Amino acid sequence: MALSAVKKIDYPQVPSAAAAKPMVALQGVQMAFGDFVAVDDVNLTVADGEFLAIVGPTGCGKSTILNAIAGLLKPAKGSVTIDGAPVKGAGGDIGYLFQQDALLPWKTSIENVELGLMFRGVGKAERHEKAKGWLAKVGLKGFEDRYPHQLSGGQRKRVQMAQALITGPKVILMDEPFSALDIHTRHLMQNELLRLWQEERRAVVMITHDLEEAIALGDRVVVLASGPRSRVIDSFPVDLSRPRDVAEIKLDPQFLELYKNIWASLRGEVEKSYARK
Amino acid sequence: MHANSVRLIQLVILVVVVGGWQMGVSAGVIDRFFFPPPFEIGAQIIRWITDTSFYKHVGITLTETVLGYVIGTALGVTAGVWLGLSRTSARILDPFIKGLNAIPRVVLAPIFVLWLGLGLWSKVALAVTLVFFVTFFNAMQGVREVNPVVLANARVLGARKGELLRHVYFPAAASWILSSLRTSVGFAVVGAIIGEYLGSSAGLGYLIAQAEGNFDAVGVFAGIIILAIFVLIIDQILDAAERRLITWRPNTEERPA
Ligand SMILES: Nc1ncnc2c1ncn2[C@@H]1O[C@H](COP(=O)(O)OP(=O)(O)O)[C@@H](O)[C@H]1O
Ligand SMILES: [Mg+2]
């Protein structure tokens, strides 16, 4: 477990998995909507194969940061690079699992899963074969010809997962991916995500407002300040051994210790953001 | 209410209205010059539909309707998608579009006859001007209301401009366009009939105009009823087409439990 053998550090902006090469790097990033500066001077590095979880109060700019990495939004200042190359617009080597339903409602599951390959010019037979394999991988064998509205919320999330991962992206972005699911489905999907990720480790940036989820899944948890002008205020390595079971790990004394520490940091920001409203 | 009792009540209403009308005429309460007895109208309809030359008129009106609909929809979709995507063009062209749409189409009929002659195409042109705007506004709305998350997802998956058009914008606009199908086909019929009515040598509108010229109220009423049946049949065909075309919409198939 190379990634969990990271020494504990206090300084937030030092990448925890210093050994692996940096896959995602944000330097002095400022994101603004007109005059409103949502996040300012964000420095963040995600190593190859690292699972980074970002927590922060609602509206602090988590989705905005993710959209900057995906190339959907341009930073007002600073730079975003993926594997050393600056991000130029959407459509790079990235898988993005959106918080909301993002499937194309007029396409069946398999047509949805195929999209990434189709846009990359992969032939019909090959992409069909691959998409079928991915649907089976996320437990949806036999659901190939269903339209999104004929699937449950959890099933739609699985299709979205297969859709985002089929191209084997260098970086996987997830925006509160399981927040809309009931607790049992959520645990199931979290374990499934860990299983898939363990098969082929990629750099992952996952946003969540659920601190337990952040610790259970992540190699590192980063805390954002309350907005506006939010920035990274803390970074906690998670030295819990893998493979993990998300339900069981919550009883681990080390987990509880981490939870206490991170919550101490996060709590102040949540209260600040609450007081502003 | 039970479907059978609904049907029964509908039948009773029909019998009372038609029967009352027929008896009113027989009793001399209703002037048969303005309201000819239903039996005569029925006889006229039967005379028409058993005569092969009648179908030439139906065929011409149908051709004008279909051409008007297809051309108007194609132009409307193209313009609607374009202006839906380009806010600048939409802002610039907005007053012109509103102005053109404000023109009552009937006044265009003589101009189209002048330009295109008394034949088929002047009627098609009139139908196009009616159909175009319905489709245009719906396509524009459809493109503007594309779910931004779905759009972002397609972009992240690597879709370029043309692929976004094909896989996101057109399908999103399609449901709006199909929802306006009824209205626009109705307009296509109206355009064709008005065109024929105002100047032509064939078609259902011509039959009505001719009957009117002869003060033949029976012919006018029979023509109106034929038109109503014509539109109802088209409506049924559209119903079936709509169900087949949009399979991905929630109301068309039952959700699994
Ligand atoms: N398109 C936008 N236009 C204006 N303000 C926006 C836009 N998107 C987000 N914001 C603002 O930026 C801040 C951060 O938003 P977001 O990144 O969605 O927060 P989070 O994901 O952390 O809940 C919020 O205050 C939000 O109101
Ligand atoms: Mg968000």
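Bear in mind the structure is a predicted one, so any value in this text is a computation, not a measurement.

A. Here's a closer look at the overall build of chain B. In terms of regular secondary structure, chain B is built from 11 helices and 0 strands. What you see for chain B is a C-alpha radius of gyration of 23 Å, clearly larger than the 18 Å of a compact globule of 257 residues, by over 25%. Its C-alpha atoms put chain B at 75 × 55 × 35 Å along the principal axes. In chain B, buried positions account for 42% of the 257 residues. Pairs at least 24 residues apart make up 73% of the contacts formed inside chain B by residues separated by at least 6 positions. If you sum the accessible surface of chain B, you get close to 14,500 Å²; carbon and sulfur atoms cover 70% of it. Treating the 19 positive side-chain charges of chain B as one cloud and the 15 negative ones as another, the clouds have centres 12 Å apart.

B. Quick peek at the interface of chain A and chain B. Taken together, the 30 residues of chain A in the interface contact 24 residues of chain B. Counting each side, the surface lost to burial between chain A and chain B is near 2,300 Å², with a carbon and sulfur contribution of 64%. Considering only the side of chain A, the residues that lose the most area to chain B are Trp106(A), Phe119(A) and His149(A), jointly responsible for 36% of the buried surface there. If you look at where chain A meets chain B, you find 0 salt bridges. Remark: the boundary between chain A and chain B carries 7 residue pairs in polar contact (both at pLDDT 80 or more). Looking at the side of chain A that touches chain B, the elements that each hand over two or more residues are β6 (94-97), α2 (109-119) and α4 (153-165) of chain A. Among the elements that take part in the side of chain A that touches chain B, α2(A) stands out by supplying 4 residues, more than any other. For the side of chain A that touches chain B, the residue count by class is 16 nonpolar, 9 polar and 5 charged.

C. Fine view of the domain arrangement of chain A. Residues and elements named next belong to chain A. With domains assigned, chain A is organised as domain 1 (18-93 + 170-276) and domain 2 (104-168). Just the C-alpha atoms count here: the centres of domain 1 and domain 2 sit 25 Å apart. Taken together, the 17 residues of domain 1 in the interface contact 12 residues of domain 2. Of the roughly 1,100 Å² buried between domain 1 and domain 2 on both sides combined, carbon and sulfur atoms contribute 62%.

D. Quick peek at helix α8 (residues 253-276) of chain A. All names here are of chain A. In this model α8 runs 35 Å from its N-terminal to its C-terminal C-alpha over 24 residues, within 8% of the 34 Å that 1.5 Å per residue would give. Roughly 30° is the biggest bend found in α8, and it falls at Ala264. If you check which residues of α8 are buried, you get Phe255, Leu258, Ile262, Ser265, Leu266, Glu269 and Ser273. Next to the buried residues of α8 lie β3 (51-55), α6 (211-217), β9 (220-224), β10 (232-237) and α7 (246-249).

E. Local environment of helix α7 (residues 148-156) of chain B. Of all the 9 residues making up α7(B), 7 are buried; the element is thus mostly covered by neighbouring parts of the structure. Where α7(B) is concerned, the buried positions are Val149(B), Val150(B), Leu151(B), Ala152(B), Asn153(B), Ala154(B) and Val156(B). Close packing links the buried residues of α7(B) with α1 (62-70), β6, α2 and α4 of chain A together with α8 (161-179) of chain B. Capping of α7(B) at its N-terminal end is provided by Asn147(B); its side-chain oxygen lies 2.9 Å from the backbone amide nitrogen of Val149(B). Note on α7(B): the residue one or two positions beyond its end, Gly158(B), has a positive phi of about 110°.

F. Spotlight on the sheet that holds β3(A). All names here are of chain A. Spatial ordering of the open sheet is given by β6-β7-β8-β3-β9-β10, a layout of 6 strands whose pairing is mixed. In this open sheet, the two edge strands, each paired with only one partner strand, are β6 and β10. For this sheet, the mean inter-axis angle between neighbouring strands, taken without regard to orientation, is 15°. Summarising the sheet, β3 and strand β8 (residues 203-207) pair through 4 bridges and their orientation is parallel.

G. Expanded view of the site of ligand 1. Residues and elements named next belong to chain A. Neighbouring ligand 1 are Phe33, Phe36, Ala38, Thr58, Gly59, Cys60, Gly61, Lys62, Ser63 and Thr64. Interatomic distance of 3.3 Å between a backbone N/O atom of Cys60 and an oxygen atom of ligand 1. Residue Gly61 places a main-chain N or O atom 3.0 Å away from an oxygen atom belonging to ligand 1. Going through the elements one at a time, β2 (36-47) and α1 are the ones with two or more residues in the shell around ligand 1. Examining the composition of the shell around ligand 1, we find that 3 residues originate from one element, α1, more than from any other.

H. Structural detail: the pattern of salt bridges. Residue and element names in this part refer to chain A. Using the criterion set out here, one finds 21 salt bridges over all chains in the structure. For Glu212, the salt bridge is made with Lys250, and the minimal N-O distance between the two is 3.4 Å. One end of the pair, Glu212, is in helix α6; the other, Lys250, is in the loop between α7 and α8, with 38 residues separating them in the sequence. Among the ionic pairs, Arg242 bridges to Asp219, the shortest N-O distance being 2.8 Å. Residue Arg242 is located in the loop between β10 and α7, and its partner Asp219 is located in the loop between α6 and β9; the two are separated by 23 residues in the primary sequence. The network of salt bridges with common partners includes Lys21, Asp83 and Lys170.

I. Fine view of the environment of Ala25(A). Topologically, Ala25(A) is positioned in strand β1 (residues 22-33). When neighbours within four sequence positions are excluded, Ala25(A) is seen to be in contact with Leu44(A), Thr45(A), Ser79(A), Val80(A) and Thr81(A).

J. Seen up close, a nonpolar patch on the surface. All names here are of chain B. Among the surface-exposed residues, Met1, Ile9, Leu11, Ile13, Leu14, Val15, Val17 and Val18 lie close enough to one another that they form a single nonpolar patch of about 810 Å² accessible area. Structurally, the position occupied by Met1 is in the segment before α1 (3-26). On the accessibility criterion, Met1 (78% relative accessible area) is exposed.

Conventions adopted
Residues numbered from 1 in each chain as written. Chains lettered and ligands numbered in written order. Predicted model: local features only at pLDDT ≥ 70, side-chain atom pairs only at ≥ 80, totals over all residues. Heavy atoms only, no water. Helix = DSSP H or I, 4+ residues; strand = E, 2+ residues; numbered from the N terminus. Rg over C-alpha atoms; globule rule 2.2 N^0.38 Å. Buried < 20%, exposed > 50% of the residue type's maximum accessible area, 1.4 Å probe, protein only. Contact = heavy atoms within 4.5 Å. Areas by Shrake-Rupley, 256 points an atom, 1.4 Å probe, with all protein chains shown as cover. Lys, Arg positive; Asp, Glu negative; His and termini not counted. Charge placed at Lys NZ, Arg CZ, Asp CG, Glu CD. Buried area = accessible area lost by both parts, 1.4 Å probe. Salt bridge = Lys/Arg side-chain N within 4 Å of Asp/Glu carboxyl O. Polar contact = N/O pair within 3.5 Å; in protein donor to acceptor, adjacent residues only side chain to side chain. Nonpolar A, V, L, I, M, F, W, Y, C, P; charged D, E, K, R; others polar. Domains from an automatic or database assignment. Expected span 1.5 Å × (residues − 1). Bend = angle between axes of the 7 residues up to and from the residue. Pairing = 2+ DSSP bridges. Axes fitted to C-alpha atoms, helices over the stretch in contact; angles between N-to-C directions. Near = heavy atom within 4 Å. Patch = residues over 30% accessible without salt bridge, like charges linked within 9 Å, V, L, I, M, F, W, Y side chains within 5 Å.

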